[in-house]
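Observations on the model geometry
What follows is each chain in one-letter form.
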Amino acid sequence: MDYNQIREVAKEILTPTCLVCRECNGVACRGQVPGVGGKGTGNSFIRNYDFLTRVKVVMDTIYEHGDQDTEVEFFGHDFAAPIFVAPIGGMDVNYKNLITEAEYTDRVVKGAVAAGIAAFTGDGANDDYFNAPLAAIADVKGMAIPTLKPWKQENVINKIRIIEDLNVPAFAMDIDSAGLTHLAKSGKPVYSKTVDDFREIVQSTDLPFIIKGVMSVEGAIKAADSGCYGIVVSNHGGRCLDNTLATCEVLHSISLAVGDRVKIFVDGGIRTGADVFKALALGADGVLIGRTFTIMAFGGGIDGVELYANKLIAELKDTMLMTGCKSIKDITYDKVVVVK
Ligand SMILES: Cc1cc2nc3c(=O)[nH]c(=O)nc-3n(C[C@H](O)[C@H](O)[C@H](O)COP(=O)(O)O)c2cc1C
């Protein structure tokens, strides 16, 4: 199956939970949380997508010809491109149990590794969200990045011990889940954390720690002060707070403030290799992509995820070719212009 055929299959399976829209922009699914949309009016998700459409790429083909190299190194590992599958948890509440948590994570974790990249995995109200991916992670010799919820410190440390045994390259925490009130209602409270809490997490393990859900310069400085490896500039796909700025809108100022201290990842509304290029030019070292990888996982399984990852890499290379960039480090701020 090709890309469009996989999307057609996904549409049959996923409708009406996700309509597999031509543009995955948060409009049709606004307010659908649980579900696949953004919270409230849905405009945090919509703004993530819309902002990227206002970032324009500066064309320049006057340079010495040569191949485009998208390879990067993170946490001591080489990846085919600075692209990761974002953690998506909750097949039961968000995708009406169409597949199990274990089936879903098997597809994204293995599809990502097949393309030379990696997937983040999720966590949540149901213990299965954290536990189900562990088998797939073991199958790929640990090449995935578990993402813990901001549980009580003791529970966090216990979960770190579990993933250390799997030999994962790094782990993350989606600190913006402090705003997911349904977790407390289901008897699994989550907490906002202090810089000292993050320091304790950093010092509890040799694994690189990534703080996911930073949306301001102040927040980025506090995160960096904890000694973490990296941050993800993220508003959780617009699912935990309505009316935020777009992630790529705050990215450049965050990269100026902490780019020399931590690795910066970003997610939200990134759909194509050209979008990946834009995010890198705005200051990211790498990107995460959520909903559109999920569509490919539903329509094409492991192969669908691999195919989409390779499509993104090809589009990124194409954009680099047209902008005089031979390697990822050549993708600098002057390669884009943000228009009104
Ligand atoms: C249905 C759904 C479930 C999600 N579950 C998690 C999760 O368990 N942990 C997490 O850190 N982020 C979770 N996210 C947020 C994504 O990791 C990511 O930040 C967001 O989807 C990126 O935006 P995009 O989908 O527009 O690419 C979830 C997002 C969706 C749509």
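Structure first, text after, so check above.
Here we summarise the structure given alongside this text. These numbers come from a predicted model, not from an experiment.

Each value, and the rule that gives it
Per chain, residues are indexed from 1 in the order of the written sequence. Two thresholds apply to this predicted model, a pLDDT of at least 70 for residue-level local features and 80 or more for giving and counting side-chain atom pairs, whereas whole-chain, interface and lining totals are computed over all residues. Hydrogens are left out, water is left out, and the side-chain values use all remaining heavy atoms of the structure. By definition, a salt bridge exists where a carboxyl oxygen of Asp or Glu is found within 4 Å of a side-chain nitrogen of Lys or Arg. Numbering of helices and strands starts at the N terminus; helices are DSSP runs of H or I of at least 4 residues and strands are runs of E of at least 2. Buried, partly exposed and exposed residues are distinguished by accessible area as a fraction of the type maximum, computed with a 1.4 Å probe on protein chains only: under 20%, between the cut-offs, and over 50%, respectively. Patch membership requires over 30% relative accessible area and the absence of a salt bridge. Like charges are linked within 9 Å, and nonpolar side chains (Val, Leu, Ile, Met, Phe, Trp, Tyr) within 5 Å. Computed with a 1.4 Å probe, the accessible areas rest on the Shrake-Rupley method; for each residue, only the protein chains presented here act as cover. For the charge count, each Lys or Arg is scored as positive and each Asp or Glu as negative, with His and the chain ends excluded. A charged residue contributes its charge at one atom only: NZ of Lys, CZ of Arg, CG of Asp or CD of Glu. Residues are classed as near a molecule or strand on a simple rule: at least one heavy atom within 4 Å of it. Polar contacts, as counted here, are pairs of nitrogen or oxygen atoms within 3.5 Å of one another; within protein the pair requires one atom able to donate a hydrogen and one able to accept it, and residues that are adjacent in sequence qualify only if both atoms are side-chain atoms. Two rings from Phe, Tyr or Trp (for Trp, the six-membered ring) form a pair when their centres are within 6.5 Å of each other. A pair whose planes differ by under 30 degrees is stacked, one over 60 is edge-to-face, and the rest are tilted. Only the contacting stretch of a helix is used when fitting its axis, a line to C-alpha atoms as for every element, and angles between N-to-C directions run 0 to 180 degrees. Working definition: roughly parallel below 35 degrees, roughly antiparallel above 145 degrees, roughly perpendicular at 65 to 115 degrees, and oblique for all remaining angles. Residues count as neighbours in contact if any of their non-hydrogen atoms are within 4.5 Å of one another. We call Asp, Glu, Lys and Arg charged. Ala, Val, Leu, Ile, Met, Phe, Trp, Tyr, Cys and Pro are nonpolar, and the rest, Gly among them, are polar.

**What to know about the pattern of salt bridges**
In total, this model carries 13 salt bridges according to the counting rule given. Two residues, Glu164 and Arg161, come together in a salt bridge whose shortest N-O distance is 2.9 Å. Taken together, the residues span about one helical turn, with Glu164 and Arg161 both in helix H7 (residues 153-165) at a distance of three residues. As a salt-bridge pair, Glu315 and Lys311 come within 2.7 Å of each other at their nearest N and O atoms. Within this pair, Glu315 and its partner Lys311 are both found in helix H13 (residues 291-321), separated by four residues, close to a single helical turn. Glu315 gets classed as partly exposed once you look at its relative accessible area, which sits at 22%. Residues joined in a network through salt bridges with shared partners are Asp106, Lys110 and Asp139.

**Here's the deal with a negative patch on the surface**
On the surface, a cluster of negative charge is contributed by Asp67, Asp69, Glu71, Glu73 and Asp78. Within the secondary structure, Glu71 is located in the loop between strand E1 (55-57) and strand E2 (72-74). The class for Glu71 is exposed, based on a relative accessible area of 53%.

**A look at the site of the ligand**
Around the ligand sit 25 residues in total, of which Pro87, Asp267, Arg271, Gly290 and Arg291 are the nearest. Residue Ser234 places a side-chain N or O atom 3.4 Å away from an oxygen atom belonging to the ligand. In this structure, an oxygen atom belonging to the ligand sits 2.9 Å away from a main-chain N or O atom of Gly290.

**Some thoughts on the packing of aromatic side chains**
The full count for this structure, using the stated rule, is 15 aromatic pairs. Judged by centre distance (5.7 Å) and plane angle (85°), the rings of Phe84 and Phe120 are edge-to-face. Residue Phe84 is found in strand E4 (residues 83-85), and its partner Phe120 is found in strand E5 (residues 118-121); the two are separated by 36 residues along the sequence. When sorted by exposure, Phe84 lands in the same class as Phe120, which is buried. Their ring planes at 70° and their centres at 4.8 Å tell us that Phe293 and Tyr308 sit as a pair that is edge-to-face. Linked through ring pairs, Phe74, Phe75, Phe79, Phe84, Phe120, Tyr229 and Phe265 together constitute an aromatic cluster.

**Brief notes about the packing of helix H2 (residues 43-53) against helix H11 (residues 247-258)**
Relative orientation of the contacting elements H2 and H11 amounts to 70°, with a least axis distance of 7 Å. Relative to H11, H2 is oriented roughly perpendicular. Residue-level contacts link Arg47, Asn48, Phe51 and Leu52 of H2 to Thr247, Cys248 and Glu249 of H11. In terms of residue class, the contact of H2 with H11 is made up of three nonpolar, two polar and two charged.

Worth remembering: the numbers are spatial, not functional.
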